[in-house]
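# Structure at a glance
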Amino acid sequence: MKTKVTVNKADPASKEARALITQLDAYLNSLYPAESNYLLSVEALQQPNVTFLTAQIGGKTVGCGAYVDHDREYAEIKRMFVLPAFRGRGIGQCLLEDLESRARSSGINLARLETGIYQKEALGLYARAGYKHRGGFGDYHADDPLCVFMEKSLI
């Protein structure tokens, strides 16, 4: 039976979103050194070129994700996270599909992302969604061996 997931635009400064972001930061900091973590702050997530979404099940906020609009050249997927107890229910897929749809609707035809080599669930999600490996982009250290760069056409 498929879980009923509701995805909505949200304020990253809300109590629920901050709790998810805090857990995501702790998780990423346990996997990677500081120089390999490219974490957007709550304040950065509140900028006008950022779309931040949360996912709910039965009224409980269980996941989040965002994209940064880079001058309509590409949408950068950021801050994807699902609470561990809720993984494997398609929540990450719902968030990713909604982010892609919103980016496409705003005239963006390309999505890019950076994730880490130790995030097997994320790598699997992105591969199943059609993301392909690419070289580094933006302000990332392209030669960081802990980073994986991917992109997908939204056309």
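Attention here is on the structure that accompanies the text.

### Some details on the pattern of salt bridges
- Tallying each qualifying case throughout the model produces 7 salt bridges.
- Note that Glu100 is salt-bridged to Lys152, the shortest N-O span being 3.1 Å. With Glu100 in helix H3 (residues 91–105) and Lys152 in strand E7 (residues 147–153), this residue pair connects regions lying 52 residues apart in the sequence.
- We classify Lys152 as buried; its relative accessible area is 17%.
- A salt bridge links Arg112 to Glu151, with the nearest nitrogen and oxygen atoms 3.0 Å apart. Separated by 39 residues along the polypeptide, Arg112 in strand E5 (residues 110–116) and Glu151 in strand E7 bring together distant segments of the chain.
- Here the salt bridges share partners, and the residues they tie into one network are Arg112, Arg134 and Glu151.

### Structural notes on the layout of surface pockets
- Empty space within the largest pocket amounts to approximately 710 Å³.
- Lining the largest pocket are 34 residues, and of these Met80, Phe81, Gln119, Ala122 and Tyr126 sit closest to its centre.
- The dominant element in the lining of the largest pocket, judged by the number of residues it contributes, is strand E4 (residues 74–82), at 7 residues.
- Looking at the lining of the largest pocket residue by residue, the class counts come to 17 nonpolar, 9 polar and 8 charged.
- There is about 220 Å³ of room inside the second largest pocket.
- Taken together, Tyr38, Leu39, Leu40, Val68, His70, Glu76, Lys78, Gly138, Asp139 and Tyr140 make up the lining of the second largest pocket.
- Mapped by element, the contributors of at least two residues to the lining of the second largest pocket are strand E3 (60–70) and E4.
- For the lining of the second largest pocket, the residue count by class is 5 nonpolar, 2 polar and 3 charged.

### Some points on the packing of aromatic side chains
- Counting across every chain of the model gives 7 aromatic pairs.
- With a centroid separation of 5.5 Å and 20° between ring planes, the pair formed by Tyr32 and Tyr118 is classed as stacked. You can see Tyr32 sitting in the loop between helix H1 (15–31) and helix H2 (42–45) and its partner Tyr118 sitting in the loop between E5 and helix H4 (120–128), a full 86 residues away along the chain.
- Note on Tyr32: relative accessible area 5%, which makes it buried.
- On the basis of an interplanar angle of 85° and a centroid distance of 5.6 Å, the ring pair of Tyr74 and Phe137 is categorised as edge-to-face. Placement of Tyr74 in strand E4 and of Phe137 in the loop between strand E6 (132–133) and E7 is noted, with a sequence separation of 63 residues between them.

### Overview of the nonpolar core
- Counting 44 residues, the largest nonpolar core has Ile77, Met80, Ile91, Leu95, Tyr126 and Tyr131 as its most contacted members.
- Residues in contact with Ile91, not counting those within four places in the same chain, are Val5, Ala55, Ile57, Val62, Val82 and Phe86.

### Section: the side chain of Thr115
- Structurally, Thr115 can be placed in strand E5.
- In this structure the side chain of Thr115 is engaged in a polar contact, spanning 3.5 Å, whose partner is the side chain of Gln119.

Procedures and definitions
Residues numbered from 1 in each chain as written. Predicted model: local features only at pLDDT ≥ 70, side-chain atom pairs only at ≥ 80, totals over all residues. Heavy atoms only, no water. Salt bridge = Lys/Arg side-chain N within 4 Å of Asp/Glu carboxyl O. Helix = DSSP H or I, 4+ residues; strand = E, 2+ residues; numbered from the N terminus. Buried < 20%, exposed > 50% of the residue type's maximum accessible area, 1.4 Å probe, protein only. 1 Å grid on protein atoms, 1.4 Å probe; cavity = no way out; pocket = protein on both sides within 12 Å on 5 of 7 lines; lining within 4 Å. Points joined across faces, edges and corners; volume = space filled by probe spheres on them. Nonpolar A, V, L, I, M, F, W, Y, C, P; charged D, E, K, R; others polar. Phe/Tyr/Trp six-rings, centres within 6.5 Å; stacked < 30°, edge-to-face > 60°. Core = buried A, V, L, I, M, F, W, Y, C linked by side-chain atoms within 4.5 Å. Contact = heavy atoms within 4.5 Å. Polar contact = N/O pair within 3.5 Å; in protein donor to acceptor, adjacent residues only side chain to side chain.

The analysis is restricted to geometry; functional conclusions fall outside its scope.
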